[in-house]
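Each chain is listed here by its residues.
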Amino acid sequence: AAMAHLESASKSKKIHLKKSADLFNQQNPKEAFAYIAANGLTSNPSTSQEIAQYLRRTPGLDKKVVGEILSKPSNMDILKEFLTDFHFAGLRIDEA
């Protein structure tokens, strides 16, 4: 629920998201996750759902790094949460 307010984030929260994206893109996602938790953008420690929402909704994240995180077997819980954010119900496979 802590990430739900991202759409209406204050200026300081947007600055924190930008800083975390910069950390993330420097191949340091763990530091980025620690940063968002330390700055109140997620609970501390962050839940799998919060990390999944961060990966899905934070502008400017390196998609290759996102893919590397989601493909690790140890991050299966994050991948499951990430996929629940997509809404494919009622779509044909070529529309999804």
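Below you will find a few notes about this structure. Quick caveat: nothing in here was measured; it's all calculated off a predicted structure. (Residues numbered from 1 in each chain as written. Predicted model: local features only at pLDDT ≥ 70, side-chain atom pairs only at ≥ 80, totals over all residues. Heavy atoms only, no water.)

1. Looking at the pattern of salt bridges
Where we set the bar: The term salt bridge refers to a side-chain nitrogen of Lys or Arg lying within 4 Å of a carboxyl oxygen of Asp or Glu. The numbering of helices and of strands both runs from the N terminus, where a helix is a DSSP run of H or I of at least 4 residues and a strand a run of E of at least 2. Each residue is placed in one exposure class: buried if its accessible area under a 1.4 Å probe, protein chains only, is under 20% of its type's maximum, exposed if it is over 50%, and partly exposed if it falls in between.
Per the counting criterion, the structure on display carries five salt bridges. The salt bridge partner of K18 is D22, with a shortest N-O separation of 2.9 Å. Separated by four residues within a single helix, K18 and D22 lie in helix 1 (residues 11-25), roughly one turn from each other. For D22, a relative accessible area of 32% gives the class partly exposed. Between R57 and D85 there is a salt bridge, with its nearest N and O atoms 2.6 Å apart. Of the two residues, R57 sits in helix 3 (residues 48-57) while D85 sits in the segment after helix 5 (76-84), which places them 28 residues apart along the sequence. By relative accessible area, R57 is classed as partly exposed at 36%. Each of R56, R57 and D85 takes part in salt bridges that share partners, so that together they form one network.

2. Let's talk about unusual backbone geometry
In this structure, P45 follows N44 across a cis peptide bond, with omega equal to 5°. Within the element layout of this structure, P45 appears in the loop between helix 2 (29-38) and helix 3.

3. So, the nonpolar core
Defined as follows: Only buried residues count toward a nonpolar core, which is a set of Ala, Val, Leu, Ile, Met, Phe, Trp, Tyr and Cys residues joined through side-chain atoms within 4.5 Å. Here, two residues are considered to be in contact whenever any of their heavy atoms come within 4.5 Å of each other.
Judged by nonpolar contacts, the single largest core of 20 residues is most densely connected at F24, F33, Y54, L55 and L61. If you list the elements that add at least two residues to this core, you get helix 1, helix 2, helix 3, helix 4 (63-71) and helix 5. For F33, the residues in contact, after removing those within four places along its chain, are F24, S46, I51, Y54, L55 and I69.

4. Focus: helix 3
Buried within helix 3 we find E50, I51, A52, Q53, Y54 and L55. Of the surrounding secondary structure, the elements contacted by the buried residues of helix 3 are helix 1, helix 2, helix 4 and helix 5.

5. Some words on the packing of aromatic side chains
Put simply, the rule is: Working definition: a ring pair exists when centres of Phe, Tyr or Trp rings (six-membered ring for Trp) sit within 6.5 Å. Plane angles under 30 degrees give stacked, over 60 give edge-to-face, the rest tilted.
Under the definition given, this model contains four aromatic pairs. A centroid spacing of 6.3 Å and a plane angle of 55° characterise the contact between F24 and F33, whose relative ring orientation is tilted. Residue F33 is classed as buried on the basis of its relative accessible area, which comes to 14%. An aromatic cluster of three or more residues is present, and its members are F24, F33 and Y54.

6. Quick word on the layout of surface pockets
Basically, it comes down to this: Of the grid points, spaced at 1 Å and generated over the protein atoms alone, those admitting a 1.4 Å probe that cannot get out make up cavities, while open sets with protein on both sides within 12 Å along at least five of seven lines make up pockets; any residue with an atom within 4 Å of a point is treated as lining. Grid points are joined across faces, edges and corners, and a volume is the space filled by probe spheres set on the points.
Put simply, the largest pocket is a space of about 220 Å³. Looking at the lining of the largest pocket, the elements with two or more residues in it are helix 2 and helix 4.

These results come straight from atomic positions and should not be treated as a statement about function.
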